[in-house]
Structure formats: C-alpha cells, structure tokens
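Take a look at the letters that make up each chain.
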Amino acid sequence: MPLHLPPLRTGKPRREHGLISPVEGARIPFAVIEGEAPGPCLVVTAGVHGSEYTSIEAALRLARRPARGLRGCILILPVLNMSALRKRAIYVAPEDGRNLNRMFPGRPDGSFTERLAHWLVSEIYPQADACLDLHGGDLSEALAPFSLFPRDSEASRELATVFGLPIAVAAGGEGYTIDAAGRLGKPSLLAEVGGNGVWTEDGVGQLLAGIERVLAHLGMVHARPAPAGPVRVVTMWAPAADEDGLWYPAKRLGEAVQAGETIGEIRTLFGDVIATIAARDAGSVLYTLSSLWVNKGEALLGIGTPVA
Ligand SMILES: [Zn+2]
C-alpha cells in the first residue's frame with residue numbers, strides 16, 4: 001500500500017480514490033477531486049472518531065462529487081481511523097487508546113495516534129487553503145448540530161457563518177484538529193452533526209449543504225447554494241465527571257439552563273448522589289452524555305453561552 005498521497009494537482013480534471021498507509025499499521029482511505037481550472041484546495045476530514053457516522057457518510061458522499069464545474073481541488077480523508085470504525089470504538093483509537101482530537105501537533109516518533117496527528121500537521125494541513133473536520137456526537141452522546149472554530153481566527157469565524165450550522169462555538173484550547181490547522185494559518189472549522197450511533201439523510205444533507213456553501217465562499221464553484229440561516233456564536237463549557245458512576249442529566253438537549261442551576265447528578269449503583277453538577281453560566285445544552293455510566297474525566301455535557 002502506498003505511503004503517500006498522489007499529487008493533488010495534475011492540471012487535469014479527475015477523481016481519484018484509494019488507500020494509503022502513511023503511518024505503520026494505518027489504512028487511510030482518500031479521495032482527490034481535481035477541478036477543470038486551478039484554484040484553492042479544501043481539505044475535508046472525518047472519522048477522527050470512528051462511530052460518528054453522519055460525518056463519515058457525508059465525507060464518503062462528498063468523495064463521489066463530480067469534478068465538473070470545480071476550480072481547485074478537494075482532498076477528502078473520510079475515515080482517519082479505520083480500526084475505530086470497524087470496532088465501533090468511541091473517543092479513542094483502538095491501536096493505542098488515545099483520542100486523536102487531543103493529540104495535536106503529535107510526534108513523528110510517538111504512539112500510533114501521535115504519529116497520525118503529526119502526519120496531518122506536516123503533510124496534509126500545509127496543502128490546504130481551508131480545513132473542515134467533520135464530527136458528531138459519539139455513540140454515547142446526544143447532540144444538536146453546531147460547529148467549532150478557533151476563536152482567534154477571523155477567517156475561521158467566517159467559515160462557521162458560511163457553513164451555517166445554527167450555533168458556532170468560539171473555541172480555545174490546544175490539541176484539536178482545528179487548533180492545529182489554525183496554527184498553520186489555515187481557516188478551519190469542526191462541524192458536529194448527529195449522535196448516538198444514528199445517521200440520517202437530514203444530518204448528512206446538513207453537512208453536504210455546508211460544504212457546498214464553503215466551496216462557493218472559496219470561489220471553487222460558481223453555483224449559488226441556498227444561503228445559510230442565522231448563526232449564533234457561543235462559548236462552550238463542558239464539565240467532566242469527577243467520579244465514576246451513573247449519570248443522570250437534569251436537562252434535555254437544547255434546553256435552556258440558568259447559572260447555578262443543577263444540570264445533572266452522578267450517583268452510585270445504589271442511588272447515593274456523589275456529585276451534583278451546577279451550570280457555571282446561563283446558556284443551553286449543546287450535547288449530553290447519553291450513556292448511563294460515566295468514567296471519571298469524561299465530558300458530561302456541553303453548555304453554550306451566547307457571546308455578548
Ligand atoms: Zn468527534
């Protein structure tokens with residue numbers, strides 16, 4: 001299996017797909033769609049988390065998009081971790097138990113996931129004029145569609161507005177795909193649609209419509225896609241469990257919460273409350289852990305608070 005991607009730009013319109021093994025033990029599917037005229041390169045990744053099916057299905061459909069009418073090229077990596085897809089893993093890569101979306105910029109001599117992150121930072125993101133990383137709620141998470149962008153990047157904020165998911169999180173922090181791409185000066189957006197291991201045509205359609213709007217925004221297609229609805233910018237607070245136990249959320253997806261209000265409890269098997277989680281700020285529930293069991297350190301839910 002080849003170690004490297006084929007050249008993205010050959011000067012001839014084409015659609016090419018295959019498998020590469022840039023990191024020992026990895027089999028990564030790719031697709032390149034090169035348009036008729038030169039132009040920007042959009043990189044679209046999915047399957048950082050192997051059980052976020054709406055995003056994987058959307059990327060696989062994008063890979064079958066015709067090259068006709070396209071300027072520039074689209075590089076699609078629809079399943080960054082095939083073994084996570086095959087094993088229905090949540091959060092982490094089965095190879096080393098690490099979460100790729102916490103490992104950036106990675107290390108060339110590190111564990112499997114660290115080497116994968118390093119490959120993306122050194123070989124893939126530098127070729128991009130913009131990066132979209134598609135996600136959703138994991139098998140154990142319920143989620144209402146939202147996007148995240150690196151909060152210091154105005155071009156990334158613009159991508160969030162163009163992509164058009166109704167809520168956009170101005171995100172800080174390090175170790176994430178969009179943070180790593182952003183540090184290379186690439187406008188980047190992480191889109192979250194679907195959850196609980198369910199994929200729907202509606203969810204796939206939301207992602208594909210957002211991608212078409214981004215292609216138009218970058219001048220890669222002439223068609224005028226349907227405009228996006230209003231996008232509300234928020235900051236997100238995602239408390240992690242301090243204890244192992246049973247998780248009882250007190251709020252539903254999308255529900256409003258007040259500062260100080262109880263948003264959930266962790267209890268023992270015999271019903272004793274061992275942790276009560278109160279909202280730090282007012283906002284609404286963007287996603288929630290739907291699993292009855294929670295392990296210490298796992299995120300319980302995400303609360304979005306509108307930016308003033
Ligand atoms: Zn994810």
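The rules behind each value
Residues numbered from 1 in each chain as written. Predicted model: local features only at pLDDT ≥ 70, side-chain atom pairs only at ≥ 80, totals over all residues. Heavy atoms only, no water. Buried < 20%, exposed > 50% of the residue type's maximum accessible area, 1.4 Å probe, protein only. Helix = DSSP H or I, 4+ residues; strand = E, 2+ residues; numbered from the N terminus. Contact = heavy atoms within 4.5 Å. Axes fitted to C-alpha atoms, helices over the stretch in contact; angles between N-to-C directions. Parallel < 35°, antiparallel > 145°, perpendicular 65-115°, else oblique. Left-handed = near helix turned anticlockwise from the far one by under 90°. Polar contact = N/O pair within 3.5 Å; in protein donor to acceptor, adjacent residues only side chain to side chain. Salt bridge = Lys/Arg side-chain N within 4 Å of Asp/Glu carboxyl O. Lys, Arg positive; Asp, Glu negative; His and termini not counted. Pairing = 2+ DSSP bridges. Right-handed = clockwise from strand over helix to strand, strands pointing away. Domains from an automatic or database assignment. Buried area = accessible area lost by both parts, 1.4 Å probe.

Enquirer: Break down helix α1 (residues 53-62) for me, with residues and values.
Expert: When you tally the buried positions in α1, you get eight out of 10 residues, the bulk of the element. Of the residues making up α1, those classed as buried are Tyr53, Thr54, Ser55, Ile56, Glu57, Ala58, Ala59 and Leu62. Where the residues of α1 are buried, they touch β2 (28-34), β3 (37-46), β4 (71-77), α2 (82-87), β5 (130-135) and α6 (201-217).

Enquirer: Can you lay out the packing of α1 against α6 for me, pointing to particular residues and giving the numbers?
Expert: The axes of two packed helices give the description: the angle between them and the distance between them. The interhelical angle for the contact between α1 and α6, taken along N-to-C directions, is 55°, at an axis separation of 9 Å. One way to sum up the angle between α1 and α6 is to call them oblique. Here α1 runs over α6; the crossing is right-handed. On α6, the residues touching Thr54, Ser55, Glu57, Ala58, Arg61 and Leu62 of α1 are Glu201, Gly203, Val204, Leu207, Leu208 and Ile211.

Enquirer: With reference to specific residues and values, describe the side chain of Ser51.
Expert: With respect to the helices and strands, Ser51 occurs in the loop between β3 and α1. The buried category is assigned to Ser51, whose relative accessible area is 1%. Here Ala89 takes part through its backbone oxygen, which lies 2.7 Å from a polar atom of the side chain of Ser51. Dropping the residues within four chain positions of it, Ser51 is found in contact with Ala84, Arg88, Ala89, Asp138, Leu139 and Gly197.

Enquirer: An account of the pattern of salt bridges is requested, with residue identities and associated values reported.
Expert: Tallied over the entire structure, the rule returns 15 salt bridges. When the shortest N-O distance is used, the salt bridge between Arg9 and Asp129 registers 4.0 Å. With Arg9 in the segment before β1 (14-20) and Asp129 in the loop between α3 (112-124) and β5, this residue pair connects regions lying 120 residues apart in the sequence. A relative accessible area of 46% places Arg9 in the partly exposed class.

Enquirer: How would you explain the side chain of Glu298 if you had to name every residue and give the values?
Expert: Assignment of secondary structure puts Glu298 in the loop between β16 (293-294) and β17 (301-306). This buried residue, Glu298, is left without a salt bridge; Arg102 holds the nearest opposite charge, at 11 Å. When near neighbours in sequence (up to four residues on either side) are disregarded, Glu298 contacts Tyr91, Pro239, Ala240 and Ala241.

Enquirer: Tell me what's going on with the environment of Cys131, and back it up with residues and numbers.
Expert: Mapped onto the fold, Cys131 is located in strand β5. On the accessibility criterion, Cys131 (5% relative accessible area) is buried. Cys131 sits 71 residues away from Asp202 along the chain, and the two C-alpha atoms are 23 Å apart. Those residues in contact with Cys131 that lie beyond four places of it in its chain are Val43, Tyr125, Leu159, Ala181, Lys186, Pro187, Ser188 and Leu189.

Enquirer: I'd love a proper account of the packing of helix α4 (residues 154-163) against α6, names of residues and values included.
Expert: Interaxial distance between α4 and α6 falls to 8 Å at its minimum, and their mutual angle equals 125°. When the interaxial angle is binned, α4 and α6 end up oblique. Here α4 runs over α6; the crossing is right-handed. Contacts from Glu158, Leu159, Val162 and Phe163 in α4 reach Gln206, Leu207, Gly210, Ile211, Arg213, Val214 and His217 in α6.

Enquirer: Explain the sheet that holds strand β11 (residues 245-249) residue by residue, including any values.
Expert: Pairing is antiparallel across the open sheet formed by four strands, whose spatial order is β14-β13-β11-β16. Every other strand in the sheet has two partners, leaving β14 (273-278) and β16 as the edge strands with one partner each.

Enquirer: So what's going on with the pairing of β4? Which residues, and what values?
Expert: Extensive coverage of β4 is indicated by the burial of six of its seven residues. Bridging between β2 and β4 involves four bridges; their strand directions are antiparallel. Counted as the bridge partner of Ala31 is Ile76 from β4. With six bridges joining them, β3 and β4 adopt parallel strand pairing. When the sheet's bridge partners are listed, Val43 is paired in β4 with Leu75. For the crossover that starts at β3, traverses α1 and ends in the parallel β4, the hand is right-handed.

Enquirer: With reference to specific residues and values, describe the domain arrangement of the protein chain.
Expert: With domains assigned, the protein chain is organised as domain 1 (14-232) and domain 2 (238-306). Distance between the C-alpha centres of domain 1 and domain 2: 28 Å. Contact residues are listed per partner, giving 12 residues for domain 1 and 10 residues for domain 2. In this assembly, domain 1 packs against domain 2 so that about 880 Å² is buried in total across both faces, 64% of it on carbon and sulfur atoms. Scanning the region where domain 1 abuts domain 2 turns up zero salt bridges. Joining domain 1 to domain 2, the criterion identifies five residue pairs in polar contact (both at pLDDT 80 or more).

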